[in-house]
Amino acid sequence: IGTSIGGLIGSASDSIISNVAFEGHVSSYCPAQIGGVIGAISRSKIQNVSASTTVNVSDTSCYSVAAGGIAGSANDSSIANSFTDSSISFSGQTVGDCNGGGCPAGGGLVGTSSNNGSLGLQISNSYAAGSMSVTSTSSNRSYSVGGMVGTVVWADIAIVDSFSNITTSIANCV
């Protein structure tokens, strides 16, 4: 899974994360995945989870940085009956091939999801609220931000009975 930082868990595979809440601050310099609750999940279920967090990525010059209110990355996983009210911020610069998922990605619930063609992420009865800000120190840089999921690479996602209310601000980017 790579370098992962979360408010409660760094990374998990083949797991169930249920009935937990996190309130706090998660900050890092150049992580691969950073999430309010968990940095990265694979083949796992998140259910009845809430997060009220501030997630800060202070340098996005690393390849494929992803940040989310619940999870930085979620592959072949599901999120149900969960919510976040988070402030997610990126500052710095970016490198990488954006078409291949290398651009920094931020999402209200999940930063990025990928899974080589199968169903990478299922979201149901969940919501994301809060804010997302991107401030690049270099022009001609790209970011991928979304109210629910920042970017999806080589995977299908299903979002059902869920919503987002994220305020987004972007400065000095393409």
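What counts as what
Residues numbered from 1 in each chain as written. Predicted model: local features only at pLDDT ≥ 70, side-chain atom pairs only at ≥ 80, totals over all residues. Heavy atoms only, no water. Helix = DSSP H or I, 4+ residues; strand = E, 2+ residues; numbered from the N terminus. Buried < 20%, exposed > 50% of the residue type's maximum accessible area, 1.4 Å probe, protein only. Contact = heavy atoms within 4.5 Å. Areas by Shrake-Rupley, 256 points an atom, 1.4 Å probe, with all protein chains shown as cover. Phe/Tyr/Trp six-rings, centres within 6.5 Å; stacked < 30°, edge-to-face > 60°. Pairing = 2+ DSSP bridges. Axes fitted to C-alpha atoms, helices over the stretch in contact; angles between N-to-C directions. Polar contact = N/O pair within 3.5 Å; in protein donor to acceptor, adjacent residues only side chain to side chain. Core = buried A, V, L, I, M, F, W, Y, C linked by side-chain atoms within 4.5 Å.

Chemist: Please clarify how the overall build of the protein should be interpreted in this entry.
Modeler: Regarding its fold elements, the protein presents zero helices and 18 strands. Within the protein, buried positions represent 49% of all 174 residues. Here the contacts in the protein between residues at least 6 apart in sequence split such that 82% fall between residues at least 24 apart. Accessible area of the protein: about 7,200 Å², with a carbon and sulfur share of 45%.

Chemist: How should I be thinking about the packing of aromatic side chains in this particular structure?
Modeler: In this description, an aromatic ring pair is defined by two values, namely the gap between the centres and the angle between the planes. If you walk through the whole model with that rule in mind, you get two aromatic pairs. Residues Phe83 and Tyr127 carry aromatic rings whose centres are separated by 5.2 Å and whose planes lie at 10° to one another, so their mutual orientation is stacked. Here the residue Phe83 occupies a position in strand S10 (residues 83-92), and Tyr127 occupies one in strand S14 (residues 127-136), the gap between them amounting to 44 residues. For the ring pair Tyr127 and Phe163, a centre distance of 5.0 Å and an interplane angle of 5° mean the geometry is stacked. In this pair, Tyr127 is assigned in strand S14 and Phe163 in strand S18 (residues 163-171), connecting sequence segments 36 residues apart. An aromatic cluster is present here, built from Phe83, Tyr127 and Phe163 joined pairwise through their rings.

Chemist: Explain the sheet that holds strand S5 (residues 38-42) to me, please; I cannot follow it from the model alone.
Modeler: Strand pairing in a sheet takes place through backbone hydrogen bonds and is either antiparallel or parallel in direction. Spatial ordering of the open sheet is given by S2-S5-S8-S12-S16, a layout of five strands whose pairing is parallel. The sheet terminates laterally at strand S2 (9-13) and strand S16 (149-153), the two strands that pair on one side only. Ignoring which end each strand starts from, the neighbouring axes of this sheet average 10° apart. Of the strand pairs in this sheet, S2 and S5 are connected by four bridges, and their pairing is parallel. The residue of S5 that forms the bridge with Ser13 is Ser42.

Chemist: Is there a simple way to think about the environment of Ser4 in this case?
Modeler: You can see Ser4 is positioned in strand S1 (residues 4-6). For Ser4 and Gly72, which are 68 residues apart along the polypeptide, the C-alpha to C-alpha distance reads 7.8 Å. Ignoring anything within four residues of it in the chain, the contact list for Ser4 reads Gly10, Ser11, Gln33, Gly39 and Ala40. A distance of 2.7 Å separates polar atoms of two side chains, one belonging to Ser4 and the other to Gln33.

Chemist: Is there a simple way to explain the side chain of Ser73 in this structure?
Modeler: Secondary-structure assignment places Ser73 in strand S8 (residues 71-75). If sequence neighbours within four positions are ignored, Ser73 has contacts with Gln33, Gly39, Ala40, Ile41, Val110 and Thr112.

Chemist: What is the right way to read the nonpolar core from this model?
Modeler: The tendency in soluble globular proteins is for nonpolar side chains to be buried side by side. The biggest cluster of nonpolar side chains holds 32 residues, and the ones touching the most others in it are Ile46, Ile70 and Phe90. The greatest single-element share of this core, amounting to five residues, is contributed by strand S6 (residues 45-57).

Chemist: Honestly, the side chain of Gln33 in this entry has me stumped. Any pointers?
Modeler: Here Gln33 shows up in strand S4 (residues 33-35). Here Gln33 falls in the buried class, since its relative accessible area comes to 12%.

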